Structures are given as C-alpha cells and as structure tokens.
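The lines below spell out each chain.
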Amino acid sequence: MSQFLGFIHHMMYGKIQRQEALTKELCKQAKEFGWTDSLVEELDETCGIPKEGNLEEIIDLGNIHGWLQEQVSLVETRFAKAVCVLTKENEDRLEKIKEVCRTVGKNTACEMPRDSSVKELFDSLGQFLLDGMPCDGGVDIHNAEEDEILWSVDGFVHVPYWENEGMSSETFFNLRDAWLQGFFEDRDVDYERIGESTFRIKEK
C-alpha cells in the first residue's frame, strides 16, 4: 500500500468501522435480550478499543499498512470474542445472533438502489464486508457473468481469530451467511450458499 492516504485506505477504514458497528449492535442486542449488560466493557478490557475519528488524524502516516492491519485484527478479534462470550454457556443463543447479523445485512442493503444489478450488488460487498487487507486476496471469484456470480471467501483471513477463541470456522461462515441472506433478501436475485465458504447470486 502507498504511504499516502488514498481511496483504498479510506475504504478499508470504512469496512473496519462497519465490522465494529456489527459488534456494537450485537452488544446492544445482547443487553436487550437480557444476556449481559457488560459485554462492551469486557471486549474493551480483553481485546482493546478500535480507533475512532477522522482517518487523517488517527492513522500512523509512517506505517499506514501496519496501522490498518492492526485495526482489522482488533475488530475481527472483538467480534469473535463477543460471539464466544455469548454462546459459551448457551449455544442456543447463536440463532438470535444470526438474526442480528441478518438484520444488519438487510439494513446495509438499503444503501443500494432498488434496481441494482447482480454485479452492482456483488461489487458493493467489497465496500461493506471486511475480508482482510487488499493484499490478502480474501475473496476468490470463480464465475462472474452479467446475471450470475459465484465466489468464495478465504477462511484464512477470518478463521484464526475464531480458533483463538476456541470456535470453529463453521460459526463464522454461518454468521456471514446470515448477513448475506439479509442483504439479498428484498432484491431480485437468488442467493445461495454452496459449501462452507462459497456463495452464489443469480438474477431471478
């Protein structure tokens, strides 16, 4: 990455913020469900607190790539830790956590025009979902047609954070699937999960 701030750096920071917003929403819902009212504080204490504010004012301009990678790792860790804490003593909570992810995905889709094409919807995922750093190659496109796209997400950019919490890749990809279900729910596309980490959207 360049040592000068550009579009890609702002986009990455935006995706980092979105990932943290998902974690905050989960913490909020956990409180409303009566599960815990101290999850945010626990995450802050055990994982650290993501930087917030104007990117130009908070980023280390001498180490842009390293700073962004640190923030990626931080927000990924916080999300995995949040899910781990909430499901440790009650795995049944995972279904409600999926619903939180689904709702966030659906609300995110509202930012896209109603007549967005399959390609436009897919391209927008690269602005909304955090799949590692650009150099990580976290998304592999297998087929890209005008009316159908098939892609996979490389578990390497996510799974280590979950394994560190004693959780499996299946948990992460189930939550990613729930988010995508919500995102495509009211669109003129058929969404399908194929295998653990491969997905497809096709024009209806």
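Residues numbered from 1 in each chain as written. Predicted model: local features only at pLDDT ≥ 70, side-chain atom pairs only at ≥ 80, totals over all residues. Heavy atoms only, no water.

What follows deals with the overall build of the chain. Tallying secondary structure elements over the chain gives eight helices and four strands in all. Each helix and strand of the chain, ordered N terminal to C terminal, gives the series α-α-α-α-α-α-β-β-α-α-β-β. In terms of overall dimensions, the chain is globule-like: its C-alpha atoms have a radius of gyration of 17 Å, near the 17 Å expected for 204 residues. C-alpha extents for the chain along the principal axes are approximately 45 × 45 × 30 Å. Expressed as a percentage of its 204 residues, the buried residues of the chain come to 46%. Contacts in the chain between residues far apart in sequence, at least 24 positions, make up 70% of those at least 6 positions apart. Split by element, the accessible area of the chain, about 10600 Å² in all, is 45% carbon and sulfur. (Helix = DSSP H or I, 4+ residues; strand = E, 2+ residues; numbered from the N terminus. Rg over C-alpha atoms; globule rule 2.2 N^0.38 Å. Buried < 20%, exposed > 50% of the residue type's maximum accessible area, 1.4 Å probe, protein only. Contact = heavy atoms within 4.5 Å. Areas by Shrake-Rupley, 256 points an atom, 1.4 Å probe, with all protein chains shown as cover.)

Moving on: the pattern of salt bridges. The full count for this structure, using the stated rule, is 14 salt bridges. Here K24 makes a salt bridge to E52, at a shortest N to O gap of 2.7 Å. Within this pair, whereas K24 is found in helix α1 (residues 7-32), its partner E52 is found in the loop between α2 (39-47) and α3 (55-58), the two being separated by 28 residues in sequence. By relative accessible area, E52 is classed as exposed at 54%. Here D123 makes a salt bridge to K119, at a shortest N to O gap of 2.7 Å. (Salt bridge = Lys/Arg side-chain N within 4 Å of Asp/Glu carboxyl O.)

Topologically, D177 is positioned in helix α8 (residues 169-184). Residue classification places D177 among the buried residues on the basis of a relative accessible area of 11%.

Helix α5 (residues 93-109) packs onto helix α4 (residues 64-87) with a crossing angle of 145° between their chain directions and a minimal axis gap of 9 Å. Taken as a pair, α4 and α5 cross one another with a handedness that is right-handed. Along the contact surface, α4 presents F79, V83, L86 and T87, while α5 presents R93, L94, I97 and C101. (Axes fitted to C-alpha atoms, helices over the stretch in contact; angles between N-to-C directions. Left-handed = near helix turned anticlockwise from the far one by under 90°.)

The next subject is the environment of G182. Note that G182 resides in helix α8. The spatial distance from the C-alpha of G182 to the C-alpha of Q17 is 19 Å, given a sequence separation of 165 residues.

Moving on to the pairing of strand β2 (residues 148-153). Extensive coverage of β2 is indicated by the burial of five of its six residues. As paired elements, strand β1 (residues 139-144) and β2 share five bridges and run antiparallel to each other. Bridge assignment links I141 to a residue of β2, and that residue is W151. Turn length for the β1-β2 hairpin, with the two strands adjacent in sequence and antiparallel, is three residues. Pairing between β2 and strand β4 (residues 198-203): five bridges, direction antiparallel. Counterpart to I149 in the pairing with β4 is I201. (Pairing = 2+ DSSP bridges.)

Purely spatial values, then, with no claim about function.
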